[in-house]
Amino acid sequence: MSQANQQITYDDNNIFAKMLNGDIPYHKVYEDDKTLAFMDIMPQAEGHVLVITKQKAIDLGDLEPEYAAAVLMTAKKIMQAQRQVFEREGIIQMQLNGAQSGQTVFHYHVHLIPSSIHELGRHAVTQADHEVLADTARKLAAVIAA
Ligand code: 5GP
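The model shown is predicted, which means the values in this text are computed figures rather than measured ones. (Residues numbered from 1 in each chain as written. Predicted model: local features only at pLDDT ≥ 70, side-chain atom pairs only at ≥ 80, totals over all residues. Heavy atoms only, no water.)

Undergrad: Give a description of the overall build of the chain that names residues and reports values.
TA: Within the chain, the secondary structure is distributed over 3 helices and 5 strands. For the chain, the α and β elements follow one another from N to C terminus as α-β-β-β-α-β-β-α. For the chain, the C-alpha radius of gyration of 15 Å lies close to 15 Å, the compact-globule estimate for 146 residues. Principal-axis analysis of the C-alpha atoms gives the chain an extent of 45 × 35 × 25 Å. Among the 146 residues that make up the chain, the fraction classed as buried is 41%. Sequence separation of at least 24 residues holds for 63% of the intrachain contacts in the chain that already meet a minimum separation of 6. Of the side chains in the chain, 12 bear a positive and 18 a negative charge, and the two mean positions are spaced by 3 Å. (Helix = DSSP H or I, 4+ residues; strand = E, 2+ residues; numbered from the N terminus. Rg over C-alpha atoms; globule rule 2.2 N^0.38 Å. Buried < 20%, exposed > 50% of the residue type's maximum accessible area, 1.4 Å probe, protein only. Contact = heavy atoms within 4.5 Å. Lys, Arg positive; Asp, Glu negative; His and termini not counted. Charge placed at Lys NZ, Arg CZ, Asp CG, Glu CD.)

The structure is reproduced here in structure tokens:
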């Protein structure tokens, strides 16, 4: 466990753990043996995707090397698909470590956001339309599968 999280233990009931267990629905973009990618329900821009690890890690401090590599390779796939679907070069990769940084879900994940640092929307505030999320997930998944 990472230094700053010594008081925090991994919560098996966190929202992303529930998704991995199949207890909560989500708009899937991609999955492999070590990672899962899905649409962020409160996006900071259209096309905001989260990549989570299948390791029970709270943040970067806990991440094992093979999962770190797998998350980055999945992030790369997502970014390439976002570039194609949204016809833009600029994709933000963001990852928060600890409540002090603004982390709200304590299961390691990377944000991939088709936006600019100057235009980024507010973090985890406004729920998106599920039809739009589903449609974007389908488009991104199709590009990745092609
Ligand atoms: P963090 O603050 O931990 O870096 O990011 C957590 C992200 O999870 C936020 O961007 C938030 O919008 C997203 N989120 C929170 N609850 C849910 C949910 O139930 N489903 C999905 N798809 N995303 C969620």
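From this point, the discussion proceeds with the structure in view.
Undergrad: Break down the site of the ligand for me, citing the residues and quoting the values.
TA: Around the ligand lies a shell of 18 residues, among which Asp40, Thr104, Val105, His111 and His123 are the nearest. His111 places a polar side-chain atom, nitrogen or oxygen, 2.8 Å from an oxygen atom of the ligand. Relative to its free-state accessible area of 520 Å², the ligand is covered by the protein chains to the extent of 92%. Of all the secondary-structure elements, those providing two or more residues to the shell around the ligand are α1 (15-20), β2 (35-39) and β5 (109-113). Here the shell around the ligand takes 3 residues from α1, the largest share from any one element. Each residue belonging to the shell around the ligand can be placed in one class, and the counts come to 11 nonpolar, 6 polar and 1 charged. (Near = heavy atom within 4 Å. Polar contact = N/O pair within 3.5 Å; in protein donor to acceptor, adjacent residues only side chain to side chain. Areas by Shrake-Rupley, 256 points an atom, 1.4 Å probe, with all protein chains shown as cover. Nonpolar A, V, L, I, M, F, W, Y, C, P; charged D, E, K, R; others polar.)

Undergrad: Outline the side chain of His48, supporting the account with residue identities and numerical values.
TA: Take His48: it is sitting in the loop between β2 and β3 (49-53). In this structure His48 comes out as buried when scored by relative accessible area, which is 1%. When sequence neighbours within four positions are dropped, the list of residues in contact with His48 reads Phe38, Met39, Asp40, Pro43, His111, Leu112, Ile113 and Pro114.

Undergrad: Pulling in residues and values, what's your account of helix α3 (residues 130-145)?
TA: With 16 residues, α3 ought to run about 22 Å at 1.5 Å a step, and its terminal C-alpha atoms sit 22 Å apart, in line with that. For α3, the elements touching its buried residues are β1 (28-31), β2, β3 and α2 (65-86). Sitting at the head of α3, Asp129 places a side-chain oxygen 2.7 Å from the backbone nitrogen of Glu131. (Expected span 1.5 Å × (residues − 1).)

Undergrad: How would you summarise the packing of α2 against α3 if you had to cite specific residues and measurements?
TA: It is at 9 Å that the axes of α2 and α3 come closest, and there the two elements cross at 115°. Overall, the two elements α2 and α3 adopt an arrangement that is roughly perpendicular. Crossing hand, α2 versus α3: right-handed. Contact residues: Lys77, Ile78, Ala81, Gln82, Gln84, Val85 and Phe86 in α2; Thr136, Lys139, Leu140, Val143 and Ile144 in α3. Of the residues contributing to the contact of α2 with α3, the split by class is 7 nonpolar, 3 polar and 2 charged. (Axes fitted to C-alpha atoms, helices over the stretch in contact; angles between N-to-C directions. Parallel < 35°, antiparallel > 145°, perpendicular 65-115°, else oblique. Left-handed = near helix turned anticlockwise from the far one by under 90°.)

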